[in-house]
Amino acid sequence: MHKALQYCLLWALAAACHGAQPTLTFCHEDQNSFPWVMTDGTGLNLELLGLVQQALELQLTYVAVPWKRCLSGLEQGLYDGAFAASFKPERLQMGHYPVDAEGHPDVLRRLHTSRYSLYRRAGSAVSWDGQRFSQLSGRVGSLSGFSIRDLLLAHGLEVDESSRDPLALLQMLVHGRVEAVALQTMRGDFFLKANPQLAVRVEKLAQPLEEKPYYLMLSKGLLARDADLAERIWNEVQHQRESATYQARVTAYLAQPGP
């Protein structure tokens, strides 16, 4: 029997036996990716997908594996979905992204946008125009182990990764221990809003350092056996991402102590 037909029959049998959608298995990277997915089982992607699961009455299970193995497993049909994946053309052979009417990745149905910003002391001449830094000769603070360091190092900057606490990093900035700070925008903005005395001494540059949409990819097998369900999942991701419930969870999660 053709493998695709076997999948479809098994899918239908499971749904009939349990009176509900069969369990979908989604994989994600087994490393901390604050604030989206953490090794302790928390994270905003999981919060969002939990709301999707509830709204669509799905049964979801999650598997944490190295990212390359996650994508490989998606391609092999071991997993029904993989998150969070930025768009790369070569990944189209592994699974599906949500697409718009023109067939392009549908940014409106992303899980999240990951953005980093550069923060400087108020009145500083440090700048970033999207291509190069200027008036920046000292160290740039970055949370230890975060990916933005690669961009900073690629521009020949000296990176200080001595802190894992964004509040401490911003305090280092105002006290002159670093000349600028690169932080995830959601996180940096949250701590400045929570500390108004600090906020008046810090400025965020308008030009993001880096920004990409990240998606829930779904397997070719899932699209083959239930394309309508796949579309409903992606649509619900968009709906729940913009909901007041999810936005409240974002605020609560970012208020927790850092990793």
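Residues numbered from 1 in each chain as written. Predicted model: local features only at pLDDT ≥ 70, side-chain atom pairs only at ≥ 80, totals over all residues. Heavy atoms only, no water.

### Points about the packing of helix α6 (residues 185-194) against helix α10 (residues 244-254)
Link 1 in the chain: Two elements in contact, α6 and α10, have axes whose closest approach is 10 Å; the angle formed by their N-to-C orientations is 75 degrees. As the angle between them shows, α6 and α10 are arranged roughly perpendicular. Residue-level contacts link M186, R187, F190 and F191 of α6 to V250, T251 and L254 of α10.
Link 2 in the chain: Classifying every residue of the contact of α6 with α10 gives five nonpolar, one polar and one charged. (Axes fitted to C-alpha atoms, helices over the stretch in contact; angles between N-to-C directions. Helix = DSSP H or I, 4+ residues; strand = E, 2+ residues; numbered from the N terminus. Parallel < 35°, antiparallel > 145°, perpendicular 65-115°, else oblique. Contact = heavy atoms within 4.5 Å. Nonpolar A, V, L, I, M, F, W, Y, C, P; charged D, E, K, R; others polar.)

### Structural notes on the confidence of the model for the protein chain
Link 1 in the chain: Across the protein chain, the average pLDDT comes to 90, with 91% of residues at 70 or higher.
Link 2 in the chain: Scored below 50 in pLDDT, residues 14-19 shows four contacts in the model against residues more than four places distant or in partner chains. (pLDDT = per-residue confidence, 0-100.)

### Digging into the layout of surface pockets
Link 1 in the chain: A volume near 940 Å³ is recorded for the largest pocket.
Link 2 in the chain: What lines the largest pocket is a set of 34 residues, and nearest its centre among them are E29, N32, S33, S147 and Y214.
Link 3 in the chain: Mapped by element, the contributors of at least two residues to the lining of the largest pocket are β1 (24-29), α3 (67-76), β3 (81-85), β4 (112-121), α4 (148-154) and β11 (210-218).
Link 4 in the chain: Classifying every residue of the lining of the largest pocket by side-chain character gives 14 nonpolar, 12 polar and eight charged. (1 Å grid on protein atoms, 1.4 Å probe; cavity = no way out; pocket = protein on both sides within 12 Å on 5 of 7 lines; lining within 4 Å. Points joined across faces, edges and corners; volume = space filled by probe spheres on them.)

### A look at unusual backbone geometry
Link 1 in the chain: Cis geometry is found at the peptide bond from F83 to A84, where omega equals -5 degrees.
Link 2 in the chain: The backbone of E57 shows a phi angle near 55 degrees, a positive value even though the residue is not glycine.
Link 3 in the chain: With respect to the helices and strands, E57 occurs in the loop between α2 (44-56) and β2 (60-65).
Link 4 in the chain: You will see that Q135, though not glycine, has its phi angle at about 55 degrees, which is positive.

### Things to note about helix α5 (residues 166-174)
Link 1 in the chain: When we look at burial in α5, the residues that qualify are P166, L169, L170, M172, L173 and V174.
Link 2 in the chain: The N-cap residue of α5 is D165: its side-chain oxygen and the backbone nitrogen of L167 are 3.0 Å apart.
Link 3 in the chain: The positive-phi residue at the C-terminal boundary of α5 is G176, with phi of around 80 degrees. (Buried < 20%, exposed > 50% of the residue type's maximum accessible area, 1.4 Å probe, protein only. Polar contact = N/O pair within 3.5 Å; in protein donor to acceptor, adjacent residues only side chain to side chain.)

### Looking at the nonpolar core
Link 1 in the chain: Ranked by size, the top nonpolar core spans 62 residues in total, and within it F83, L118, F133 and L216 carry the most contacts.
Link 2 in the chain: When residues no more than four places from it in sequence are discounted, the contact partners of L118 are V126, W128, F133, V140, A180, V181, A182, E203, K204, L205 and L209.
Link 3 in the chain: Counting residues in hydrophobic clusters, the runner-up holds 13 residues, among them L71, Y79, A82 and Y97. (Core = buried A, V, L, I, M, F, W, Y, C linked by side-chain atoms within 4.5 Å.)

### Some thoughts on the pattern of salt bridges
Link 1 in the chain: According to the stated counting rule, one finds 13 salt bridges in the structure shown.
Link 2 in the chain: A salt bridge links R115 to E211; the shortest N-O distance between them is 2.4 Å. Separated by 96 residues along the polypeptide, R115 in strand β4 and E211 in strand β11 bring together distant segments of the chain.
Link 3 in the chain: Residue classification places E211 among the partly exposed residues on the basis of a relative accessible area of 40%.
Link 4 in the chain: As a salt-bridge pair, E203 and R120 come within 2.9 Å of each other at their nearest N and O atoms. With E203 in strand β10 (residues 202-204) and R120 in strand β4, this residue pair connects regions lying 83 residues apart in the sequence.
Link 5 in the chain: A relative accessible area of 18% means that R120 is categorised as buried.
Link 6 in the chain: Through salt bridges that share partners, D106, R109 and E231 make up one connected network. (Salt bridge = Lys/Arg side-chain N within 4 Å of Asp/Glu carboxyl O.)

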